[in-house]
Amino acid sequence: MVLTADNASAAVPAVPRAAGFNVALLNTTHNVVENYNTADIRNNAFSKPPWAKFPTGVWQPLECKVRTLDSKETVFMVCGGKPDNGHVTIHRSSDAAALGWISELKIFPHSLEYVPQKNVIVVVGTRGLDDPSSVPDYNPGATLGGTWQVYKAPGSTPGQLVKIAEGPFRQAHGVVWQGGLLWMFGGHELVGYEVHVTSTSASIKPTVTFPEPEPKLFENGHDLSADPVSTEGNILWVSSSTQLLKINKSSNKPRVNERYPIAKMKSFSRHSSGRSVWTVAPSASGPDQYGNDEVNFMWPTENNKPVKVPNFDGQVGMKRIYKARVLPF
């Protein structure tokens, strides 16, 4: 399904909200990205319907990011789907018009990122390109599979995205551009890559590798995000199967600065004020692996109780919020 302005209810607002900050919640029960503002939280629940929503139709949204292309066009990028039928779709933020898309991916896309100045989009997923040599000796039963793919960014004419490169990365769950490097997370390591692009091809070269500091600490990790509070741009957050980790990679020497014992965290996203929003999955299998109907906040001084995300507009069935992303407006 190609998404257009006709089936997206709203785009980026012209001006920011007066209070709170905006978050995009990825609702995998109803297959829709819903935008809320934290100023609308009352009694530990969102009291108003989403001010914008973006339905993906028949597939589950597993990632959503807002980026500005080299063309100065601001877009929102969404990926997800199923292991054997993944999707990526990119839309202009001003009117939600579809700019680029691709379906039937076999890598189970979990995240994506835009690489500025190279004008490409990198998609990472947890399937494909099984590489037994990627499993560490101390974890011989580790899950195989994982792929990165590079696509040309959308041009002036909307159409299907064109893949120009791919390669293996075991259990690739997260990808972020920071400090001139493309960072990928999954399996048992965090790796920073140089990105090289020509008009018809692309390659990535590993420059910095940070193996998990303890056996199996990164295994089944799910999220990678950049910290907007760090003035030097050296802080990344990763969620492992058992902990949230703050990683300082200054001087290209990553090390863990802080740890928070939060298990099964699916996403962590921080606002420039220092406040953060995160999601968890109650179970590692079944419907609960995609989250529940709550999101969590780390406020500097306020009570950190989970916040309920109720159904609106006739929705039926409990919402499962896989990820929550702070929006840059």
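Residues numbered from 1 in each chain as written. Predicted model: local features only at pLDDT ≥ 70, side-chain atom pairs only at ≥ 80, totals over all residues. Heavy atoms only, no water.

Trainee: Even after reading the chapter, I still don't get the nonpolar core, so can you show me in this structure?
Mentor: Buried together is how nonpolar side chains tend to be arranged in soluble globular proteins. Val122, Trp148, Val150, Leu182 and Met184 are the most contacted members of the largest nonpolar core, which has 18 residues in total. Sorting the residues of this core by element identifies strand S9 (120–125), strand S10 (147–152), strand S12 (163–168), strand S13 (172–178), strand S14 (181–186), strand S15 (189–197) and strand S16 (202–211) as the ones contributing at least two each. Every residue in contact with Met184, bar those within four places of it in the chain, is listed here: Val122, Val124, Trp148, Phe169, Gly174, Val175, Glu189, Leu190, Val191, Tyr193, Ile204 and Leu224. By size, the runner-up hydrophobic cluster in this structure holds 17 residues, among which are Leu69, Leu99, Leu112 and Val123. (Core = buried A, V, L, I, M, F, W, Y, C linked by side-chain atoms within 4.5 Å. Buried < 20%, exposed > 50% of the residue type's maximum accessible area, 1.4 Å probe, protein only. Helix = DSSP H or I, 4+ residues; strand = E, 2+ residues; numbered from the N terminus. Contact = heavy atoms within 4.5 Å.)

Trainee: Before we go on, may I ask you to explain the environment of Ile235 in this structure?
Mentor: Here Ile235 is to be found in strand S18 (residues 235–239). Overall, Ile235 belongs to the buried group, its relative accessible area being 9%. The spatial distance from the C-alpha of Ile235 to the C-alpha of Ser225 is 8.8 Å, given a sequence separation of ten residues. Every residue in contact with Ile235, bar those within four places of it in the chain, is listed here: Gln178, Ser225, Ala226, Asp227, Ser230, Lys246, Ile247 and Asn248.

Trainee: Is there a simple way to explain the layout of surface pockets in this structure?
Mentor: Empty space among the atoms becomes apparent when a probe as large as a water molecule is rolled across them. Quantified by volume, the largest pocket comes out at close to 650 Å³. Along its surface, the largest pocket is lined by 25 residues, and Arg67, Ala226, Pro228, Arg270 and Val326 are the ones closest to its centre. Of all the elements in the fold, those that place two or more residues in the lining of the largest pocket are strand S4 (61–68), strand S8 (109–115), S13, strand S17 (223–226), strand S21 (265–270) and strand S25 (321–326). At five residues, the largest contribution of residues to the lining of the largest pocket is made by S4. For the lining of the largest pocket, a count of residues per class yields 13 nonpolar, six polar and six charged. (1 Å grid on protein atoms, 1.4 Å probe; cavity = no way out; pocket = protein on both sides within 12 Å on 5 of 7 lines; lining within 4 Å. Points joined across faces, edges and corners; volume = space filled by probe spheres on them. Nonpolar A, V, L, I, M, F, W, Y, C, P; charged D, E, K, R; others polar.)

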